[in-house]
Amino acid sequence: MAVSEGVEGVEGVVRAEARVVPPAVAARLASLRARKDAGLVGRTAVVPVWLSRTDHARAHEACHAAAGLWNQTVTWLRGQWTAGERPGKEDVRRFVTSLPSEVRPFHAHTAQAVAYDLWDAVATSRANRAQGLKARAPWREKKYRPLSFTATFGWRVTPEGRLALSLGRGRGRIVLPMPHVISRDGRPVSAASWGEIRLCWDRNARSWSLHVAYSAPGDALPGPAVGRPTVTVAIDEGIINPMTFAAPLPDGSMSVLVINGRGGRAAKRQRNKTVAKLTSRMARCKNGSRKHRRLLAAKKKIEAKTERRLHDVDHQVTAKAEKFTREVHAAWTKHHREISGPDAIVGVRLVAGDVRGIERNTNTKRRASRSTRQQLSQWSRGRQDDFLQYKTGLVLEHISEAYSSQTCPLCNERTKVRGREYVCRNITCGFRLHRDAVGGVNIQALAVNDGQFRPDPDLRVEVMYRRAQPGWSPLQRSLHAYHQDVLGRSGTGAGREARRSAPNRATRSITAGVAVVPSPRGDSTDQTDGTTTLAGAGRTPVHAT
């Protein structure tokens, strides 16, 4: 058993106090220290799995029991606080392990994970209150909780090559096919590198998944440090464009990346309309009826499908953000190594405009229209911030972004504009730029100038626009237009379909009742007698019926 010595001074008297560390905690600390010394970081892979009827029933009962254990521990902990006691993390663990086995019908390590999760929630609430945020210690009753299985104790690989999840001595195991875990760089991760595994249930998708923790070589960017050159990358977060990045380059220009979030907004809009329609139909049904159950299942299905799509959109946004940040870091590293030598290290500082809390209580404060309040409430800004910190290994700072989208970076003149383009009202300046790009440039200036706007008459801005998800290529647009012409959904008589898809539709031409395959933008096409020379798009004219 590990023992650590502590020295405490009270009124000039110094005494030594021995603190006993449990063997499990000492082993865990030693493992974390060894992983840190080896340069490894923790990652999590989500793998969908299918359970048999027997295993599904076992997991279902265990998840309900884990929620009951959480509720009982919360009641005990709040009772201790009311009595004036101050229990610690190990006190919570000891209370959980002292309960009879009927209350915790699963592995002992799974019960300990419930205690540690509860204490982590308490520590998070205290940290949030210390920062001035409104937070409350755990109090809500739960009905379902995921199951945690530790390595070599909670889960094992059977001789047949299957994954066995233990529910404790004397209880049946949950046996699954061996999941395939793939790292971020596309390489398979062996079971020897796995850590804790969590079995989670998605109530909307009605499916199980394994959250597998594993160790991988760290690829975090170096952060700012004393005596180290640092480049500041600013982020202007928004609903239309989720993230706009601005960072200086060694040549003196300001590089700006605007990431468009059209795909995410379209998914939310479709979900909102479908859910509203289903909810209206459910209101006219009797609760528990067959039709009510069918409508409820359809509602959960569309919510699960949209959540998967939005989760992918957030990953796509942060992947492009990470790539931009690493490119800026690589440019500055090359620049400083040419000056100071090959051992120069450049730190990266991530700074975002502080819009935290803007999505809270939108219904009670009534600060905007109904549609705007809905967009604010459904904004996934927090998840995107977490993904970006996870991928870059940096800590995201927040500063005030007041007037950042109204102030001209060249002359400091404030102009409140409508629309997406910023035009300075100063006649002698006339600066013109994308509105979100102006916000990103100003946030970068605020971060490096201690919160003060500093005009830069020699500012040179290079703006790049990227979609969160890959769009259609010119050939895909042409083929889509070709099939729309064949089906008669485009042209002058298409009506609503033609108006809706006009901005994204390639140029079409109809000659003498013949649908002609259009050419992509920028390609030369020789249209003679209803034919085209577009390579790969089909050169035979299709006659309309």
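Worth saying up front: this structure is predicted, and the values here are computed from it rather than measured.

## Describing the pairing of strand E8 (residues 194-202)
Here's step 1: As judged from the three bridges shared by strand E4 (residues 147-149) and E8, these two strands associate in the antiparallel manner. Counterpart to Leu-147 in the pairing with E8 is Leu-199.
Here's step 2: In this structure, E8 lies alongside strand E9 (residues 207-217), joined through seven bridges in antiparallel fashion. Among the inter-strand pairings, Leu-199 is bridged to a residue of E9, identified as Leu-210.
Here's step 3: Between the antiparallel neighbours E8 and E9 lie four residues, among them Arg-206 with a positive phi of about 50°.

## Section: the packing of helix H2 (residues 53-82) against helix H4 (residues 108-130)
Here's step 1: One way to put it is that H2 packs onto H4 with a least axis distance of 10 Å and a crossing angle of 50°. Comparing the axis directions of H2 and H4 gives the class oblique. The way H2 lies across H4 gives a crossing that is right-handed. Every residue of H4 that contacts H2 at Ala-66, Leu-69, Trp-70, Thr-73, Val-74, Leu-77 and Trp-81 is listed here: Ala-111, Val-114, Asp-117, Leu-118, Ala-121, Val-122 and Arg-126.
Here's step 2: For the contact of H2 with H4, the residue count by class is eleven nonpolar, one polar and two charged.

## A word on the packing of aromatic side chains
Here's step 1: All told, the structure shown has four aromatic pairs when counted by the stated rule.
Here's step 2: Relative to Phe-95, the ring of Trp-76 has its centre 4.5 Å away and its plane inclined at 10°; by these criteria the two rings are stacked. Remark: Phe-95 occurs in helix H3 (residues 89-98) and Trp-76 occurs in helix H2; sequence separation between them is 19 residues.
Here's step 3: Take Trp-76: its relative accessible area is 21%, and that puts it in the partly exposed class.
Here's step 4: On the basis of an interplanar angle of 55° and a centroid distance of 4.9 Å, the ring pair of Trp-201 and Trp-208 is categorised as tilted.
Here's step 5: For Trp-201, a relative accessible area of 24% translates into the label partly exposed.

## Looking at a positive patch on the surface
Here's step 1: On the surface, a cluster of positive charge is made up of Lys-277, Arg-281, Arg-284, Arg-290, Lys-291, Arg-293 and Arg-294.
Here's step 2: Listed by contribution, the elements that provide at least two residues to the positive patch are helix H5 (262-282) and helix H6 (290-340).
Here's step 3: Among the elements that make up the positive patch, the one with the highest residue count is H6 (four residues).
Here's step 4: In this structure, Arg-281 sits in helix H5.

## Observations regarding the sheet that holds strand E14 (residues 396-399)
Here's step 1: Pairing is mixed across the open sheet formed by six strands, whose spatial order is E14-E13-E10-E11-E12-E17. Every interior strand has two partners, whereas the edge strands, E14 and strand E17 (461-467), have only one. Here the strands of the sheet are splayed against their neighbours by 25° on average, with no regard to which way each runs.
Here's step 2: As paired elements, strand E10 (residues 230-237) and strand E11 (residues 243-248) share four bridges and run antiparallel to each other. Bridge pairing in E11 places Asp-236 opposite Thr-244.
Here's step 3: Against the sheet, helix H10 (residues 435-448) contacts E10, E11, strand E12 (254-260), strand E13 (347-353), E14 and E17, and its axis sits at roughly 140° relative to E10.

## What to know about the confidence of the model for the chain
Here's step 1: For the chain, mean pLDDT is 83; residues scoring 70 or higher make up 82% of the total.
Here's step 2: Note that pLDDT drops below 50 for residues 1-17; the model gives that stretch 26 contacts with residues more than four away or on any other chain.
Here's step 3: Low pLDDT, under 50, characterises residues 490-545; the stretch is placed with 78 contacts to residues that sit more than four places away or in other chains.

## Comments concerning the pattern of salt bridges
Here's step 1: According to the stated counting rule, one finds 18 salt bridges in the structure shown.
Here's step 2: Asp-91 is the salt-bridge partner of Arg-94, the closest N and O atoms lying 2.5 Å from each other. Taken as a pair, Arg-94 and Asp-91 lie in helix H3 at a separation of three residues, close to a single helical turn.
Here's step 3: The exposure class of Arg-94 is partly exposed, given its relative accessible area of 43%.
Here's step 4: Of the residues examined, Asp-91 reaches a relative accessible area of 30% and is grouped as partly exposed.
Here's step 5: Ionic pairing is found between Asp-117 and Arg-145, a salt bridge with its closest N-O pair at 2.8 Å. With Asp-117 in helix H4 and Arg-145 in the loop between H4 and E4, the pair connects residues that are 28 residues apart, well separated along the chain.
Here's step 6: Taking relative accessible area as the criterion, Asp-117 reaches 18% and is therefore assigned buried.
Here's step 7: Salt bridges sharing partners connect three or more residues here, namely Asp-117, Arg-145, Glu-196 and Arg-198.

## Here we look at the packing of H3 against H4
Here's step 1: For the pair H3 and H4, the least separation of the axes is 9 Å and the interaxial angle reads 145°. The element H3 and its partner H4 pack so that their crossing is right-handed. In contact with Lys-89, Glu-90, Val-92, Arg-93, Val-96 and Thr-97 of H3, H4 contributes Ala-111, Gln-112, Ala-115, Tyr-116, Leu-118 and Trp-119.

## Focus on the state of the cysteines
Among covalent bonds in proteins, the disulfide is the one between the sulfur atoms of two cysteines.
Here's step 1: All told, the structure shown has zero disulfides when counted by the stated rule.
Here's step 2: You can see Cys-200 has no disulfide; the closest cysteine sulfur is in Cys-63, sitting 8.2 Å from it.
Here's step 3: By relative accessible area, which is 15% here, Cys-200 ends up buried.
Here's step 4: Between Cys-411, a cysteine without a disulfide, and Cys-424, which holds the nearest cysteine sulfur, the sulfur-to-sulfur distance is 3.6 Å.
Here's step 5: According to the relative accessible area criterion, Cys-411 is partly exposed, its value standing at 27%.

## As for the sheet that holds strand E3 (residues 40-49)
Here's step 1: What the four strands build is an open sheet, ordered E3-E9-E8-E4; its pairing is antiparallel. Here the strands that pair on one side only, and so sit at the sheet edges, are E3 and E4. Neighbour-to-neighbour, the strand axes of this sheet turn through a mean angle of 20°, independent of strand direction.
Here's step 2: In the packing of H4 onto the sheet, contacts are made with E4 and E8, and the angle to E4 comes to roughly 115°.

## Quick notes on the nonpolar core
Here's step 1: Core analysis: the biggest nonpolar cluster contains 42 residues, and Phe-106, Leu-165, Ile-174, Val-181, Trp-194, Leu-199 and Leu-210 have the highest contact counts within it.
Here's step 2: Sort the elements by how many residues they give to this core and H2 lands first, with nine residues.
Here's step 3: Apart from the residues lying within four places of it in its own chain, the contact partners of Leu-165 are Phe-149, Gly-154, Trp-155, Arg-173, Ile-174, Leu-176, Leu-199 and Leu-210.

## Details of the environment of Pro-188
Here's step 1: Looking at where Pro-188 falls in the secondary structure, it is placed in the loop between strand E7 (174-177) and E8.
Here's step 2: Contact partners of Pro-188, with chain neighbours within four places excluded, come to Val-181 and Ile-182.

Conventions used here
- Along each chain, residue indices are assigned from 1 in the same order as the chain's sequence is written.
- Owing to the predicted nature of the model, reporting of local features is limited to residues with pLDDT of at least 70; listing and counting of side-chain atom pairs is limited to 80 or more, with chain, interface and lining totals taken over all residues.
- For the side-chain quantities, the full set of heavy atoms in the structure was used; hydrogens and water were omitted.
- In this scheme, strands are said to pair when DSSP sees at least two bridges between them.
- Note on conventions: DSSP H or I runs of at least 4 residues are helices, E runs of at least 2 residues are strands, and numbering of each starts at the N terminus.
- Axes here mean lines fitted to C-alpha atoms, for a helix over just the part in contact, with angles spanning 0 to 180 degrees between N-to-C directions.
- Roughly parallel means an angle under 35 degrees; roughly antiparallel, over 145; roughly perpendicular, 65 to 115; everything else is oblique.
- Should the near helix be turned counterclockwise from the far one by less than a right angle, the crossing is left-handed, whereas a clockwise turn marks it as right-handed.
- Here, two residues are considered to be in contact whenever any of their heavy atoms come within 4.5 Å of each other.
- Any residue outside Ala, Val, Leu, Ile, Met, Phe, Trp, Tyr, Cys, Pro, Asp, Glu, Lys and Arg is labelled polar, Gly included; the first ten of those are nonpolar and the last four are charged.
- Here a pair means two rings of Phe, Tyr or Trp (six-membered ring of Trp) with centres within 6.5 Å. Their orientation is stacked below 30 degrees between planes, edge-to-face above 60, and tilted elsewhere.
- In this scheme, a residue with accessible area under 20% of its type's maximum is buried, one over 50% is exposed, and one in between is partly exposed, where area comes from a 1.4 Å probe on protein chains only.
- Residues with no salt bridge and a relative accessible area higher than 30% make up the patches, which join like charges within 9 Å and nonpolar side chains (Val, Leu, Ile, Met, Phe, Trp, Tyr) within 5 Å.
- Note on areas: Shrake-Rupley, 1.4 Å probe, and residue coverage restricted to the protein chains presented here.
- We define a salt bridge as a contact between a side-chain nitrogen of Lys or Arg and a carboxyl oxygen of Asp or Glu at a distance within 4 Å.
- Counted charges follow a simple rule, with Lys and Arg positive, Asp and Glu negative, and His plus the chain ends left uncounted.
- Here the site of a charge means NZ on Lys, CZ on Arg, CG on Asp, or CD on Glu.
- Per-residue confidence from the prediction method is given by pLDDT, with values spanning 0 to 100.
- Cysteine sulfur atoms that come within 2.5 Å of each other are treated as a disulfide pair.
- Within this scheme, the nonpolar core is defined by two criteria: the residues are buried Ala, Val, Leu, Ile, Met, Phe, Trp, Tyr or Cys, and they are joined through side-chain atoms within 4.5 Å.

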